[in-house]
Amino acid sequence: MKTTFFLLAFLLVASLFAVTNAQGPIKWQLCPNRPKQTLAINNIIMNPNPPVSGQNFNVQIQGVLSTPVGQGSLGHVTVNYAGAPLYDGDFDPCTIDTQSVNCPIQAGNVNLNINDVIPPFAPAGGPYDGQLAVIDEHSNLVFCVTFTFYMN
């Protein structure tokens, strides 16, 4: 369940980067006062967008990492539904996708492919909002975004 909520949040954050000028249900921004991030995302494809409760989803992420991310890195995600806390927890960024991520994740081109299921108990509507951040093992900010969306 912890991984599923992380992936749900990651999925939402990922879709935010897909087309920055597109109109859609997901709104995001970089975390305030955290301009230096070591992951520059070039392309993200999410399907479906927006996510649908009880259905499979896939996120493909391509970017450039300026410094390696290794064991001891820490991710943190918070997700709220209609202002009420839904999930707040830590995760290991090295285990989100065992098929395409092996830590250390080397600096350079990064390609991730994440597949999971949105839990059927995730309520449709919203708003959902939250924050997703990853800090590497040297306390460098890999990325941090806040997001708001509605679930189909």
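Our subject in this report is the structure included herewith. Here the structure is a predicted model, which means the values were calculated and not measured.

## Quick notes on the overall build of the protein
Argument step 1. Looking only at helices and strands, the protein features 1 helix and 8 strands.
Argument step 2. The secondary structure elements of the protein, listed N-terminal to C-terminal, are α-β-β-β-β-β-β-β-β.
Argument step 3. Within the protein, the fraction of its 152 residues that count as buried is 45%.
Argument step 4. Counting every atom, the protein has about 7,700 Å² of accessible surface; 50% of that belongs to carbon and sulfur.

## Description of the pairing of strand β8 (residues 141-151)
Argument step 1. Where burial is concerned, most of β8 is hidden: 8 out of the 11 residues are buried.
Argument step 2. Bridge count for strand β1 (residues 27-30) against β8 is 4 bridges, and the pairing is antiparallel. Across the sheet, residue K27 finds its bridge partner in β8, namely T148.
Argument step 3. Bridge analysis of strand β7 (residues 125-135) against β8 gives 9 bridges, and the strand direction is antiparallel. Each bridged residue has a counterpart across the sheet, and for A133 the counterpart in β8 is C144.
Argument step 4. Between the end of β7 and the start of β8, which pair antiparallel, lie 5 residues, with S139 showing a positive phi angle near 70 degrees.

## Brief notes about the nonpolar core
Argument step 1. Residues L65, L132 and V142 are the most contacted members of the largest nonpolar core, which totals 24 residues.
Argument step 2. Of all the secondary structure elements, the ones that give two or more residues to this core are β3 (56-65), β4 (74-81), β5 (84-91), β7 and β8.
Argument step 3. With 6 residues, β8 is the single largest residue contributor to this core.
Argument step 4. Beyond its immediate sequence surroundings of up to four residues, L65 is in contact with T38, L39, I105, Q106, A107, G108, V110 and V142.

## Things to note about the packing of aromatic side chains
Argument step 1. Counted by the stated rule, this structure contains 3 aromatic pairs.
Argument step 2. A ring pair is formed by F147 and F149, whose centres lie 6.1 Å apart and whose planes are at 35 degrees; its orientation type is tilted. For the pair F147 and F149, one class covers both residues: buried.

## Regarding the sheet that holds β7
Argument step 1. In spatial order, the strands read β1-β8-β7-β4-β5; together these 5 strands make up an open sheet with antiparallel pairing. The open sheet is flanked by β1 and β5, the only strands paired with a single partner. Mean inter-strand twist for the sheet, computed between neighbouring axes without regard to direction, equals 10 degrees.
Argument step 2. Pairing between β4 and β5: 7 bridges, direction antiparallel. Its bridge partner being in β5, V77 is matched across the sheet by G89.

The rules behind these values
Residues numbered from 1 in each chain as written. Predicted model: local features only at pLDDT ≥ 70, side-chain atom pairs only at ≥ 80, totals over all residues. Heavy atoms only, no water. Helix = DSSP H or I, 4+ residues; strand = E, 2+ residues; numbered from the N terminus. Buried < 20%, exposed > 50% of the residue type's maximum accessible area, 1.4 Å probe, protein only. Areas by Shrake-Rupley, 256 points an atom, 1.4 Å probe, with all protein chains shown as cover. Pairing = 2+ DSSP bridges. Core = buried A, V, L, I, M, F, W, Y, C linked by side-chain atoms within 4.5 Å. Contact = heavy atoms within 4.5 Å. Phe/Tyr/Trp six-rings, centres within 6.5 Å; stacked < 30°, edge-to-face > 60°. Axes fitted to C-alpha atoms, helices over the stretch in contact; angles between N-to-C directions.

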